[in-house]
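Close look at the chain arrangement
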Amino acid sequence: MNAPLSSLAQVSPDQAYEHVARVTHEVAAQLARRLRQHTQGEVRFDTADRGRYATDASIYQVMPAGVFVPRSIDEVGVALDICRDLDVPIVPRGGGTSQCGQTVGAGLVIDHTKHVRRILQVDAQSATAVVEPGLVLDHLNAELKKHGLWYPVDVSTSAQATLGGMAGNNSCGSRSIAYGNMVHNVLGVQAWLSDGTLLDWGPYEQSTGRVRQIGDFLAKLAHRLAPDIEANWPKVLRRVAGYNLDIFNNQSPRPYTADGSVNLAHLLIGSEGTLALTRQLKLQLQPLPRTKVLGVVNFPSFHQAMDAAQHIVKLGAPGQLMAVELVDRTMIELSLQNPSFAPTVRTALIGEPDAVLLVEFAGDSKAEIEPLLDQLEELMGDLGLPRSVVKMADDSAQKNLWEVRKAGLNIMMSLRGDGKPVSFIEDCAVPLEHLAEYTAALTDVFERHGTRGTWYAHASVGTLHVRPILDMRRDGAPKMRAIAEEASALVRRFRGAYSGEHGDGLCRGEWIHWQYGDAIQHALRDIKAELDPNNLLCPGRIVAPPRMDDASLMRFPPAYQVIPIRPALDWSAWNVQNDPRTEEISAPGTGGDPAHGLAKAVEMCNNNGHCRKFDAGTMCPSYRVTRDEKHLTRGRANTLRLALSGQLGPDALSSNDLSDSLSLCVGCKGCKRECPTGVDMARMKIEVSHQVRQKKGLRLRERLVATLPDYARHAARLSGLLNLRNQMPWLAQLGERLLGLSSQRSLPQWESRHFFNRGTMGVSAAQALASSQAVVLFVDTFNGHFESENALDAFKVLSAAGYDVHIASKTHEGHGANQGHLCCGRTYLSNGMVDEARVKAQELLSALRPFAEKGIAIVGLEPSCLLTLRDEYTVMGLGEVANLVARHSLLLEEFLVRELKAGRLDALKSRLCTINQPILVHGHCHQKAFGLMPDIMDIVKLLPGANPRLIETSCCGMAGSFGYEQEHHEISMQMAELSLLPALRSSPDALVVADGTSCRHQIRDGSQRHAIHVASLLARHLR
Ligand SMILES: Cc1cc2nc3c(=O)[nH]c(=O)nc-3n(C[C@H](O)[C@H](O)[C@H](O)COP(=O)(O)OP(=O)(O)OC[C@H]3O[C@@H](n4cnc5c(N)ncnc54)[C@H](O)[C@@H]3O)c2cc1C
Ligand code: SF4
Ligand code: SF4
């Protein structure tokens, strides 16, 4: 298959980019066919799939010819052969978190993250590891922990960045002052040249054959260019532009190798996939630091903070200073506005500083490194800032503060409106002695261009992140260029590096020439021509790049349009514009979005890839199971954005492409809480489902599920008959054939004697309104009809706590068979029946209003129902009453925690008896999305002897009706197997507490254990 190649070598480098785009279109069909024929990998060439891979965390968008997801690493080699044969360029990709457009390109995108992610070897003795390129850094470090080792290039995107991508970008982490960049930590690379030759790249002296030949070629170039390299190469640690031609004459303050020798693997580090395709990497590991301390220095002015950095970095013995990270005033203020960050931030502040520096030291014991904090304090005294240091030796306090620092960019990126903080000069690096002057001058540049930036990050190495706010749909591109030009002049003045962390990509390629000059630029072209003569690998990157402000390459070019739609939900909070100087937001609804805010809400996704994380938290369960970009929040947001902007063709909102991408979204709301920019895909799915229903109507199964609250009381009368379905397999199979409800599932058991037909209970509305001890219990359809003991137990617990409990009902008389049960409309919303849900909501709100007006708490049991009142109700056009009721609606455990804090729970506490059993708690996704897990844990702990353990789970996989659906049964069980079921198996004696109806059902189906609601746990332990 190593056929000779044609065209690309013959076009001038300047035309290459355009040329590539034409070639790929012509041969795409052939490419797809041959990939399918010769590999087991996933071959994806439809518009939606290509669109999902057309972007990364940059401002760019280029439609690839196709996407290939290899099943094994050697299939990358096969794809390379086919591409070479057809002259189709290749764009290798990891997590796609590059900020400069490295992974967008017109060729075949190869996604390494799904299957090509093995740890091939860990040698604890020599502290080395060999890995495949698609492995995520955090996953490697989780494995290394047991050896007391880690890979210390700790990029902020560690939960989603791959080792292959990190090598491609020569990435660097917060602790680079101690460990250096990728180039300092890679020992060897095995990689394919574009002609298909697989080479082992390592020490030059030991190399032979083709690698030696390349080494000799490079050595000659480097020797000839030594004066230019010496003159033009920035002498800072953070320099990632172009190819590392300085490996023969290192210009970095840190040697590339321990003994100063040349390692040819280092040529590939930072080459952004343009020279070779990585098959595996050999990494130098480091011992995990035994302990750390943190000093937070508070500065009255930003300038002083910048000026102090050069002195701080001299503290400690080599290897003791780990990081000096900046957090500026804007970031401090934004963090203080965030309720979950504010307490942590306050612990670090002395007065109202203009900036703080987080100074971290590591060592073998606290006793060894704590004196460094004293030295830091002394230094600050010498610099005229006595008593400016907050010392933190406690590990958890440090961890909390680092979390806030890591969230910095996320906090900034949540700005609504078309103006966005844009990354294009965010990682220029300057020598520390010029940091103060540089930041002041760049701030002036922003000012002159009518914008501003927030500064943060790596003060230790002179790389301060800053993103001016620009509106790329309007005048953003020319402003970006103008600011870039002025910033580059400053970088030159201070002899810094223009590209200091995030690579070149489409954004900074053209600045390589500016940085290095003619001779080196030619040398980089020669290197490219020597290694990739046919320009097959990522053409238009590093060599012959396009202009950074070429609007035809952008995600939001000036011609970007949104198709007008009338949404069912209120998205006006996103339909705003912002002032780039003050970040003030215009009034809701004034943003000019033809989709009334829906498009702008979707566009909040900036592709940072945080939803690819696998660690604690919920987001995104469907991705965790499938590892498929299509089933990722980012993939969904991109699909929806493309649909709303007409890039997926007409009627894209009701297209199969979109429904396919949304099909495995379980509506868990994990993204609502955990996505840094607050992309709320669960809500978007409701909106899209609504739009689809308008066109296509409902299927029988959807109607059956949605309208369950309406027929539940009639069905309950036939409970004996209906429950036969769970006993007779043929009935289950019939149900699967007719309705698509999985025959492998049991269905919830109907109760003939359920909560709503037990006669009157609790106080009447009038009594509740007159009582100072009143609480309203809202019993949902599921707890009321299928597990009425939960509702009865909640009633018992609230009564035992001394409350006058009123059961919410249509008649206000207290609940009973004839008084009509209320429904929140959740099942309708889940099926896109927003209008019908609104009717239910209006009914419920009018029943609850009098109590909310009196400040009486409304307590619910099922998280997905109760929290609908606090979430969707506020955007359903229900008026002020929705906000009023939302303010008073609480889950049982929330209510009890509130009362506990107010000292009103003594009666209940005195009646609770000891529990001796271990307890496992599983949270419903919506509980987690609203940050309510601490509440349930606190309430379980009210039981004497209780020592509950929270299971770190994502979604259990049942998610309302999702897990019952025949086509989703398997994936639903896989979600449960991610962590929930293994955790249950590992504690066979534990009592399992789960508030979610569907969670309890999943637990029963998956483990044959009977999980109970927290209400039942308490009720069973009442004396
Ligand atoms: C919010 C945010 C914070 C960030 N923080 C940091 C930070 O702290 N430090 C930092 O350095 N960067 C940071 N980045 C940039 C980015 O996350 C890193 O560069 C990261 O290492 C990229 O990893 P990835 O797997 O996403 O690679 P990708 O973006 O997918 O790819 C990166 C490059 O590697 C190439 N590549 C991928 N696989 C291969 C292969 N098999 N063979 C050859 N080439 C390949 C690609 O073509 C591309 O040129 C940040 C980005 C964001 C959005
Ligand atoms: S959905 Fe959120 S977390 Fe995922 S890439 Fe987009 S902005 Fe990032
Ligand atoms: S709602 Fe849940 S499943 Fe859907 S995109 Fe968000 S995190 Fe993923």
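Residues numbered from 1 in each chain as written. Chains lettered and ligands numbered in written order. Predicted model: local features only at pLDDT ≥ 70, side-chain atom pairs only at ≥ 80, totals over all residues. Heavy atoms only, no water.

Below, the discussion takes up a nonpolar patch on the surface. Taken together, the side chains of M728, W730, L734 and L738 present a nonpolar region at the surface, about 410 Å² in accessible area. Tracing the backbone through its elements, the reader meets L738 in helix α30 (residues 729-739). Exposure remark for L738: the relative accessible area of 61% places this residue in the exposed category. (Patch = residues over 30% accessible without salt bridge, like charges linked within 9 Å, V, L, I, M, F, W, Y side chains within 5 Å. Areas by Shrake-Rupley, 256 points an atom, 1.4 Å probe, with all protein chains shown as cover. Salt bridge = Lys/Arg side-chain N within 4 Å of Asp/Glu carboxyl O. Helix = DSSP H or I, 4+ residues; strand = E, 2+ residues; numbered from the N terminus. Buried < 20%, exposed > 50% of the residue type's maximum accessible area, 1.4 Å probe, protein only.)

Attention now moves to the nonpolar core. Counting residues in hydrophobic clusters, the biggest one holds 86 residues, and the most contacted among them are M684 and Y873. Residue contributions to this core peak at 9 residues, all from helix α35 (residues 834-853). Sequence-distant contacts of Y873, defined by excluding residues within four places in its chain, comprise C823, C824, A841, L844, L845, T868, L878 and A882. Core analysis: the second largest hydrophobic core is formed by 66 residues, A309, L442, L470 and L506 among them. (Core = buried A, V, L, I, M, F, W, Y, C linked by side-chain atoms within 4.5 Å. Contact = heavy atoms within 4.5 Å.)

Here the focus is the environment of R887. Within the secondary structure, R887 is located in helix α37 (residues 880-888). Residue classification places R887 among the exposed residues on the basis of a relative accessible area of 55%. Separated by 645 residues in sequence, R887 and G242 have C-alpha atoms that sit 55 Å apart.

Okay, the packing of aromatic side chains next. Across all of its chains, the model carries 17 aromatic pairs by this definition. Seen in terms of ring centroids, W750 and F786 are 4.6 Å apart; in terms of plane orientation they differ by 55°. Their pairing is tilted. Placement of the pair is W750 in the loop between α30 and α31 (765-770) and F786 in the loop between α32 (781-785) and α33 (788-800), with a sequence separation of 36 residues. With a relative accessible area of 10%, F786 lands in the buried category. Consider the rings of Y803 and F895, whose centres lie 5.1 Å apart with planes at 65°: the pair is edge-to-face. Taken together, the positions of Y803 in the loop between α33 and β21 (804-807) and F895 in helix α38 (residues 892-901) put the pair 92 residues apart, joining distant regions of the chain. Here the two residues Y803 and F895 agree in accessibility, since each one is buried. Taken together through their ring pairs, the aromatic side chains of F302, Y438, F446, W455 and F494 make up a single cluster. Of note, R212 hangs over the ring of Y204, and the distance from its end group to the ring centre comes to 4.5 Å. (Phe/Tyr/Trp six-rings, centres within 6.5 Å; stacked < 30°, edge-to-face > 60°. Lys NZ or Arg CZ within 6 Å of the ring centre and 35° of its normal.)

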